[in-house]
Amino acid sequence: MRIVEKLLPELSSSWMKHLSIEFKKDYFIRLKQLLKHEKEKNIIFPKTSDIFKAFELTPFKKVKVVIIGQDPYHGNKQAHGLAFSVHKEIIPPPSLKNIFQELKRDVKIEEPKHGNLEYWAKQGVLLLNSTLTVNAGKPNSHHHLGWNQFTNTTINILSREKHGVVFLLWGKFAQEKQSLIDSKKHYILNTSHPSPFSAYKGFIGSNHFSETNSILSSNNQTPIDWNLN
């Protein structure tokens, strides 16, 4: 069964230019084998066609903001390939609810009626999970498969090949990626994770949404329309 190969042609040519070599490396070949093995034993999220959704909706040439998550939601029908995002019919999880709370406080946007963040992705916000798959009901269960090497390489390439990208690093896990980013070329905004355990340790009140748009405007880039309504 092909779980990854059939997705690769759907990536934009701008991503394939930089990532095609990764798909041929030993670690990625092993990742595919491990993923196939996991699929034989477990239910995996997101569905196969959504694994690379972040790359499909945000072509390399359009990336101007990066939000880094850890791994996909592990509940049924939640994950669809974008960090922090859920399908429209799914009730937003607590972290996403806190993101919407800060959005309202910061830029006065009413809480959306859904938690699907595709509109952000299509404007150039790469919603990148560090691990792109997960077993149902088992958070962080695929951290050992090799996805981190792939997504770390993605961050490295973005840092090397682009200029003026705004990286939003929410929480300790995302902040560990800071060493992959050239702070002389890009903008790095750090705060706590939006989870209920840490949102009030910095995330609520961080002003990251308005600050991101100020940075984009100052660089003659179109600000992000954060309004999902």
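Analysis parameters
Here the residue numbering is sequential within each chain, running from 1 through the sequence in written order. Per-residue local features are limited, in this predicted model, to residues with pLDDT of at least 70; the limit for side-chain atom pairs, both in listing and counting, is 80 or more; totals at the level of whole chains, interfaces and linings are taken over all residues. Note that the side-chain values use all heavy atoms of the structure and ignore hydrogens as well as water. Among buried residues, those of type Ala, Val, Leu, Ile, Met, Phe, Trp, Tyr and Cys that are joined through side-chain atoms within 4.5 Å constitute a nonpolar core. Each residue gets one of three labels from its accessible area relative to the maximum for its type: buried under 20%, exposed over 50%, partly exposed in between, using a 1.4 Å probe on protein chains only. Contacts are assigned to residue pairs that have any heavy atoms within 4.5 Å of one another. Between 30 and 60 degrees the pair is tilted, below 30 it is stacked and above 60 it is edge-to-face, where a pair is any two Phe, Tyr or Trp rings, Trp via its six-membered ring, whose centres lie within 6.5 Å. Helix and strand definitions follow DSSP, with helices as H or I runs of at least four residues and strands as E runs of at least two, each counted in order from the N terminus.

(A) Spotlight on the nonpolar core. Within the largest apolar cluster, 67 residues are counted, with the highest numbers of intra-cluster contacts made by F52, F55, I99, W120, W147 and F150. In this structure W120 touches I99, L103, V125, F209, D225, W226 and L228, once residues within four positions along its chain are discounted.

(B) Spatial organisation of the packing of aromatic side chains. Under the criterion given, the structure shown has 19 aromatic pairs. Seen from their ring centres, Y27 and F28 are 6.1 Å apart, and the 85 degrees between their planes marks the pair as edge-to-face. Residue F28 is classed as buried on the basis of its relative accessible area, which comes to 0%. Ring centres of W147 and F150 lie 6.1 Å apart, and the angle between their planes is 70 degrees; this geometry places the pair in the edge-to-face category. Note that W147 and F150 are positioned in helix α6 (residues 147-161) at a spacing of three residues, about one turn of the helix. A single burial state applies to W147 and to F150, both of which are buried.

(C) Up close: unusual backbone geometry. The omega angle of the peptide bond from F45 to P46 is -5 degrees, so this bond is cis rather than trans. Relative to the assigned elements, P46 resides in the loop between β1 (44-45) and α3 (53-57). Positioned with a positive phi, F84 is a non-glycine residue whose angle comes to about 70 degrees. By the element assignment, F84 lies in the loop between β2 (65-69) and α4 (94-107). Looking at F84, the relative accessible area reads 10%, which means it is buried. If you check the backbone angles, N220 has positive phi at about 60 degrees while not being a glycine. Assignment of secondary structure puts N220 in the segment after α8 (208-218). Among the residues examined, N220 registers a relative accessible area of 75% and is labelled exposed.

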